[in-house]
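Given next are the chains, with one letter for each unit.
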Amino acid sequence: EPAAYCPETPDERICFLAEYLFYAENYVKMDTLSEMMYVSKRVLSDDLKKVEKIFGRHHLTIERKPGYGIRVEGEEFDKRLCIAELVTRRNGIVVKDNRQELELVSACIEKAFRKYDFEVNGIMLDSLIMHICIALERIRHGYYVDMPLNPDDYEKNESLYDKARLVAEEIA
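My aim in this report is to walk through the structure given alongside it, one point at a time. Bear in mind that the values here come from a model prediction, so they are computed numbers and not experimental data. (Residues numbered from 1 in each chain as written. Predicted model: local features only at pLDDT ≥ 70, side-chain atom pairs only at ≥ 80, totals over all residues. Heavy atoms only, no water.)

## Observations concerning the pattern of salt bridges
Part 1: Within the structure shown, the criterion is met by 12 salt bridges.
Part 2: We note a salt bridge from D31 to K41, for which the minimum N-O separation is 2.6 Å. In this pair, D31 is assigned in helix α2 (residues 30-37) and K41 in helix α3 (residues 41-56), connecting sequence segments 10 residues apart.
Part 3: Among the salt bridges present, the one from E169 reaches R165, with a minimum N-O distance of 3.1 Å. You can see E169 and its partner R165 sitting in helix α8 (residues 158-171), four residues apart, about one turn around the helix.
Part 4: Residue E169 is classed as partly exposed on the basis of its relative accessible area, which comes to 47%.
Part 5: Through salt bridges with shared partners, one network takes in E63, R71 and E73. (Salt bridge = Lys/Arg side-chain N within 4 Å of Asp/Glu carboxyl O. Helix = DSSP H or I, 4+ residues; strand = E, 2+ residues; numbered from the N terminus. Buried < 20%, exposed > 50% of the residue type's maximum accessible area, 1.4 Å probe, protein only.)

Structure follows, in structure tokens:
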């Protein structure tokens, strides 16, 4: 299927490839990627090496299965951190089409912070908003983070968990 957006620069191709692989439900064939991006297999192969370096920083790998294609392997939490790096690198590749949702999440978080008198600097607030938008997008696609709750962790961070719950209630 043709992409709605066709990357032009090497950096755009790398971000596009990573994002495409994150949201692909099955293996993706190299021929498909090459045709979709209008690049040779050689260029695609070079770009994938760069994508693999980015993935490696987040404990992710590209699994290659002959006859099937490639896909991303790793924990969902690590995938979300990698997506956040790509969003930062490319000024919103993942959330660029969701400006309305971004503004809604931002308004809900700011409302919750004012209501419960939470303080955070602007950079941390922007990061929180970005991570929540990434989480919402991943959840919509059926990708969840498995986080078994250790009772000791809750007791150590009870205040943090309570604040997170209050903010989540505002967003919901």
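Don't stop here, the text continues.
## Focus: the environment of S127
Part 1: Within the secondary structure layout, S127 lies in helix α6 (residues 122-140).
Part 2: Note on S127: relative accessible area 28%, which makes it partly exposed.
Part 3: A sequence separation of 43 residues divides S127 from A84, and the C-alpha atoms of the two residues are 8.5 Å apart.

## A look at the environment of T61
Part 1: With respect to the helices and strands, the residue T61 is situated in strand β1 (residues 61-65).
Part 2: Residue T61 is classed as partly exposed on the basis of its relative accessible area, which comes to 47%.
Part 3: Sequence separation between T61 and G74 is 13 residues; the distance between their C-alpha atoms is 6.7 Å.

## Quick notes on the nonpolar core
Part 1: In this structure, L21, F22 and F55 are the most contacted members of the largest nonpolar core, which totals 30 residues.
Part 2: The set of elements that each furnish at least two residues to this core consists of α1 (10-23), α2, α3, β2 (69-73), α4 (76-90) and α6.
Part 3: Beyond its immediate sequence surroundings of up to four residues, L21 is in contact with V28, L48, F55, I62, I70 and V72.
Part 4: Counting 12 residues, the second-largest nonpolar core is a separate cluster that includes I109, A112, I132 and V167. (Core = buried A, V, L, I, M, F, W, Y, C linked by side-chain atoms within 4.5 Å. Contact = heavy atoms within 4.5 Å.)

## Here's the deal with α1
Counting along an α-helix, one turn takes 3.6 residues, and residues three or four places apart therefore face a common direction.
Part 1: Relative to the 20 Å expected for 14 residues at 1.5 Å per residue, α1 spans 20 Å between its end C-alpha atoms, a close match to the ideal helical length.
Part 2: Taken as a whole, α1 has its buried residues at R13, I14, C15, F16, L17, A18, L21, F22 and Y23. (Expected span 1.5 Å × (residues − 1).)

## Digging into the side chain of R80
Part 1: Here R80 shows up in helix α4.
Part 2: On the accessibility criterion, R80 (12% relative accessible area) is buried.
Part 3: Within polar-contact distance, the side chain of R80 engages the side chain of E76 at 2.9 Å.
Part 4: Separated by 2.8 Å, the side chain of R80 and the backbone oxygen of Y143 make a polar contact.
Part 5: Apart from residues no more than four positions distant in its own chain, R80 is found in contact with I134, A135, R138, I139, Y143, Y144 and V145. (Polar contact = N/O pair within 3.5 Å; in protein donor to acceptor, adjacent residues only side chain to side chain.)

## Re the pairing of β1
Regular strands have side chains that alternate between both faces of the sheet.
Part 1: Relative to β2, β1 runs antiparallel, the two being bridged by five bridges. Each bridged residue has a counterpart across the sheet, and for R64 the counterpart in β2 is I70. (Pairing = 2+ DSSP bridges.)

## Concerning the packing of aromatic side chains
Part 1: Counted under the stated rule, the structure contains five aromatic pairs.
Part 2: Between the aromatic rings of F22 and F55, the centroid separation amounts to 5.2 Å while the plane-to-plane angle is 45°, which identifies the pairing as tilted. Of this pair, F22 sits in helix α1 while F55 sits in helix α3, and the two are 33 residues apart along the sequence.
Part 3: Relative to F118, the ring of F113 lies with its centre 5.6 Å away and its plane at 75°, an arrangement referred to as edge-to-face.
Part 4: Above the ring of Y68, the side-chain terminus of K65 is found at 4.5 Å from the ring centroid.
Part 5: R138 extends its terminal NZ or CZ atom over the ring of Y143, reaching a point 4.0 Å from the ring centre. (Phe/Tyr/Trp six-rings, centres within 6.5 Å; stacked < 30°, edge-to-face > 60°. Lys NZ or Arg CZ within 6 Å of the ring centre and 35° of its normal.)

Spatial relationships are all this shows, so hold off on functional conclusions.
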